[in-house]
Amino acid sequence: MTATPDLRTAQPASPDLLRSVFRRHAAGVAVITASGAGGPAGFTATSLTSVSAEPPMLSFGIGTGASSWPAISRAEHVGVHLLGEHQRDLAATFARSGADRFAAPTAWREGPHGVPVLDDVLAWLVCRVVARVPAGDHRIVLAEVVLGDPAGAGRPLLYHQGRFTALRD
C-alpha cells in the first residue's frame, strides 16, 4: 500500500526542512582526513558519493565553517575511510566540534602522500583532490582515487534519524 502525499502539509524550503527530510535518509558513514598545517585534520561525512568509474572519482561535502575546512581547502590528497558498525565512538569523535580527533583511542598512521589513514575501517582510499566546487555554505570536493584497500571486516555503520546505527536483517 502506498501513501499519497498530502500537499497541504508541504513546507517552503528552509534549512530545517532539508535537515528534517535528510534525517529520514539512511547514509553510510565515512571519515575524511587530510594533513594540515597544524597536524592531521578530519571529519565525519555522510555525503560521500561515487562519481565516476573511469577515472575512479568520488565526492563529499564539507561546510566552510568546519574546523577541518582549512586543511581540506589546501590539501592535495585526502583519506576516505568507510566505518564499520563497531566504530560508533570513532564517528562521534570525528563529528564532535573541538575534539582532539587523532588522540588515543583513535588508531591511525601516516599513509601515502602524508594522508592520515585510520586503522580497523571497512575500507579506505587515498585520493587526489581535483576540484572544490562552491555549493552554498559548503564546498563539494571532487577527488580521484589513487589507491586503497577494500578488505576490512565487518558491516557498515549508518547514520539515520540523527544517530549512528547498524543494518538490521
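Before reading on, note that the structure itself is shown above.
Scoring rules and cut-offs
- Residues numbered from 1 in each chain as written.
- Predicted model: local features only at pLDDT ≥ 70, side-chain atom pairs only at ≥ 80, totals over all residues.
- Heavy atoms only, no water.
- Pairing = 2+ DSSP bridges.
- Helix = DSSP H or I, 4+ residues; strand = E, 2+ residues; numbered from the N terminus.
- Axes fitted to C-alpha atoms, helices over the stretch in contact; angles between N-to-C directions.
- Contact = heavy atoms within 4.5 Å.
- Phe/Tyr/Trp six-rings, centres within 6.5 Å; stacked < 30°, edge-to-face > 60°.
- Buried < 20%, exposed > 50% of the residue type's maximum accessible area, 1.4 Å probe, protein only.

Attention shifts here to the sheet that holds strand β6 (residues 77-82). Spatially, the seven strands line up as an open sheet ordered β3-β2-β6-β9-β10-β5-β4, and their pairing is antiparallel. The strands lining the two open edges of the sheet, one partner per strand, are β3 (39-45) and β4 (49-53). Direction aside, the axes of adjacent strands within the sheet are offset by 35 degrees on average. Two elements, β6 and strand β9 (residues 123-135), share six bridges in a ladder whose sense is antiparallel. Bridge pairing in β9 places V78 opposite C127. Where helix α3 (residues 88-95) meets the sheet, its contacts fall on β2 (30-36) and β3, and the angle it forms with β3 comes to roughly 110 degrees.

A ring pair, where both rings are aromatic, is described by two values, the distance of the centres and the angle of the planes. In this structure the tally under the stated criterion is four aromatic pairs. An angle of 85 degrees between the planes, with centres 5.2 Å apart, marks the rings of F94 and F102 as edge-to-face. Here the two residues F94 and F102 agree in accessibility, since each one is buried. Among the aromatic side chains, those forming a connected cluster through ring pairs are F94, F102 and W108.

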